[in-house]
Amino acid sequence: MSDALLTLNAGSSSLKFSLFALEGRVPERLYTGAFDRGVAADQVSIKSIDGTVTALLLAEPGKLASAFSAVLAWCEECDDFDHIAAVGHRVVHGGMHHAAPVALDDSIIADLAELSPLAPLHQPHNLDGIAQARTAFPHALQVACFDTAFHRTHPFVNDTFALPHRFYEEGVRRYGFHGLSYDYVSGTLDPALKAGRVVIAHLGNGASMCALKEGRSVGSTMGFSALDGLPMGTRCGQIDPGVLIYLMQEHGMDADALTSLLYKESGLKGMSGLTNDMRHLLASEDERARQAIDYFVFRIRRELGGMTAVLGGLDALVFTGGIGENAAAIRSMVCEGFEWLGLSIAEPANADNARDIEMDSSAVRVLVVPTDEEGMIARYTAELLAA
Ligand code: ADP
């Protein structure tokens, strides 16, 4: 009987999934699919590995829960395997104690639900996906793979805020996110490079950077929430907390209004007043679009400098995520003027989105590595299934 493994990767308004055959030791991808409310709210598109595209129409357009049920129902009917043996879920928050993927049971799910206030736009969707997948496939192993787990190796100074210690004990810490992406990307580096000092810039709609020493995360630009650090598609990134106090006092904003402002109306979209789509911003001649790009690049460069200092030097800078993998102009702006660090990129290779884009004379390697969060989830889930 042939088994398959499903991975579910739900964001605040999008769902990515992959279906893998489990015949060999390594899961083999059969299908990938995506639902994105901002792109086509009424359907999930599915692509088979041979390129055939299918669309599943949603019973309730725009609803993530409806996208989950469409995908799960489609899996039940798919003829390419006999049954789903395991479902791997991307779960944004694993809290203080989860430093590795875990097989889910009622008690762990209840613990994860308690973390929802720490990631209000993501964790409830992740839990909804888990609930629906358990109902659809009650005999399948359900595994949670956490975005925070990779960063549990942070030293105390990068895990804490300068608040009274009781808040640290309560869990008000710098967790860091995008861990599955960093885990995957660092795993593709050759061992000598992985053993060194590396900064990975995951630049997508969500964006963060991670400093790695000997393959372990020692710092991340994201902190307690997925808001901190770099400006993102619609999120503000680092902000002076005094601004929040001002907005509360002078604009009467409450927690809901601030959540909406900081998560959904800020970042590239808020600054430009146009869009969060980097392709459009790069093509625009609008002054605000240019300012938004300039600020995005400035923050990346600033973080790169800080991380290099903390690492005591830099052996490699790696770009990943939709912008990092595809936007040569952004990579070029980020790297400009870093010759003092021994970092310079070769423009033709950069323009081609080649894997190695540094100049021969560059002491620092500069790489472009497509991320594969679902592949990472599949690998961990298959390992737990085999255990
Ligand atoms: P998410 O965080 O939602 O997974 P992605 O990693 O898919 O996001 O990245 C989405 C971002 O990548 C968008 O800003 C999009 O404009 C940008 N992007 C994708 N392709 C290109 C490209 N060819 N040039 C510039 N930006 C691109």
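Structure's up top.
This section reports on the structure supplied with the text.

## With respect to the nonpolar core
Core analysis: the largest hydrophobic core is formed by 57 residues, its most contacted members being Leu112, Leu203, Phe296 and Ile330. Residue contributions to this core peak at nine residues, all from helix α11 (residues 287-311). Apart from the residues within four sequence positions on either side, Leu203 is in contact with Leu230, Phe296, Ile300, Phe319, Thr320, Gly321, Gly322, Ile323 and Gly324. If you look at the next biggest cluster of nonpolar residues, it comprises 30 residues, including Ala10, Ile46, Leu56 and Leu64.

## Considering the state of the cysteines
Enumeration according to the criterion identifies zero disulfides in this entry. Here Cys75 is not cross-linked by a disulfide; its sulfur's nearest cysteine counterpart is in Cys78, at 6.9 Å. The thiol of Cys335 is unpaired, and the distance to the nearest cysteine sulfur, on Cys210, comes to 17 Å. Here Cys335 falls in the buried class, since its relative accessible area comes to 4%.

## A look at the sheet that holds strand β10 (residues 207-213)
Taken in spatial order, the five strands line up as β11-β10-β9-β12-β13 in an open sheet, and their pairing is mixed. The sheet is open, and its two borders are formed by β11 (216-220) and β13 (365-368), each paired with just one other strand. In this sheet, adjacent strand axes meet at a mean angle of 25 degrees when their direction is disregarded. Inspection of the sheet shows strand β9 (residues 197-203) paired to β10 by seven bridges, in the antiparallel sense. By the bridge assignment for β10, Leu203 is matched with Ala207. Lying over the sheet, helix α5 (residues 179-187) contacts β9, β10 and β12 (316-320), oriented at roughly 130 degrees with respect to β9. Strands β12 and β13 of the sheet are contacted by helix α13 (residues 328-335), whose axis makes an angle of about 155 degrees with β12.

## Describing the sheet that holds strand β3 (residues 28-36)
A sheet is described by the order of its strands in space; here eight strands give the open sequence β5-β4-β3-β2-β1-β6-β8-β7, paired in mixed fashion. The open sheet has two edge strands, β5 (53-57) and β7 (102-103), and neither has a second partner. Across eight bridges, strand β2 (residues 14-21) lies against β3 in antiparallel orientation. Pairing of Ala21 across the sheet is with Glu28, part of β3.

## Digging into the side chain of Asn350
Relative to the helices and strands, Asn350 resides in helix α14 (residues 347-351). The exposure class of Asn350 is buried, given its relative accessible area of 0%. Residues in contact with Asn350, not counting those within four places in the same chain, are Ala328, Arg331, Ser332, Ile345 and Ile357.

## Details of the site of the ligand
Around the ligand, the structure places 13 residues, and the nearest of them are Lys16, Asn205, Asp277, Met278 and Gly322. Taking Lys16, its side chain carries an N or O atom lying 2.8 Å from an oxygen atom of the ligand. For the ligand, the protein covers 72% of the area, taking 580 Å² as the surface of the free molecule. The set of elements that each furnish at least two residues to the shell around the ligand consists of α10 (278-283) and α12 (321-326). Among the elements that line the shell around the ligand, the one with the most residues is α12, at four residues.

## Considering the pattern of salt bridges
Two side chains with opposite charge may pair up if their charged atoms get near one another. The tally for this structure, following the rule as stated, stands at 14 salt bridges. Residues Asp228 and Arg174 are paired through a salt bridge, measuring 3.2 Å at the closest nitrogen-oxygen approach. Residue Asp228 is found in the loop between β11 and α7 (241-251), and its partner Arg174 is found in the loop between α4 (165-170) and α5; the two are separated by 54 residues along the sequence. By relative accessible area, which is 22% here, Asp228 ends up partly exposed. Each of Arg90, Asp147 and Glu373 takes part in salt bridges that share partners, so that together they form one network.

## Describing the layout of surface pockets
Size it by volume and the second largest pocket reaches roughly 1,200 Å³. Considering the residues around the second largest pocket, the lining is formed by 39 residues, among which Phe161, Phe224, Ser225, Asp228 and Ile239 are closest to the centre. For the lining of the second largest pocket, the secondary-structure elements that each account for two or more residues are β11, α7, α8 (255-264) and α11. When the residues that make up the lining of the second largest pocket are grouped by side-chain class, the tally is 23 nonpolar, 11 polar and five charged.

## Some details on the side chain of His151
Note on placement: His151 falls in the loop between β8 (141-146) and α4. Here His151 falls in the buried class, since its relative accessible area comes to 0%. A polar contact of 2.8 Å, which involves the side chain of His151, links it to the side chain of Ser217. When residues no more than four places from it in sequence are discounted, the contact partners of His151 are Tyr175, Gly176, Phe177, Gly179, Tyr182, Cys210, Ser217 and Ser220.

Reading guide: rules and limits
Residues numbered from 1 in each chain as written. Predicted model: local features only at pLDDT ≥ 70, side-chain atom pairs only at ≥ 80, totals over all residues. Heavy atoms only, no water. Core = buried A, V, L, I, M, F, W, Y, C linked by side-chain atoms within 4.5 Å. Buried < 20%, exposed > 50% of the residue type's maximum accessible area, 1.4 Å probe, protein only. Helix = DSSP H or I, 4+ residues; strand = E, 2+ residues; numbered from the N terminus. Contact = heavy atoms within 4.5 Å. Disulfide = S-S within 2.5 Å. Pairing = 2+ DSSP bridges. Axes fitted to C-alpha atoms, helices over the stretch in contact; angles between N-to-C directions. Near = heavy atom within 4 Å. Polar contact = N/O pair within 3.5 Å; in protein donor to acceptor, adjacent residues only side chain to side chain. Areas by Shrake-Rupley, 256 points an atom, 1.4 Å probe, with all protein chains shown as cover. Salt bridge = Lys/Arg side-chain N within 4 Å of Asp/Glu carboxyl O. 1 Å grid on protein atoms, 1.4 Å probe; cavity = no way out; pocket = protein on both sides within 12 Å on 5 of 7 lines; lining within 4 Å. Points joined across faces, edges and corners; volume = space filled by probe spheres on them. Nonpolar A, V, L, I, M, F, W, Y, C, P; charged D, E, K, R; others polar.

Keep in mind that these numbers describe shape and distance, not what the molecule does.
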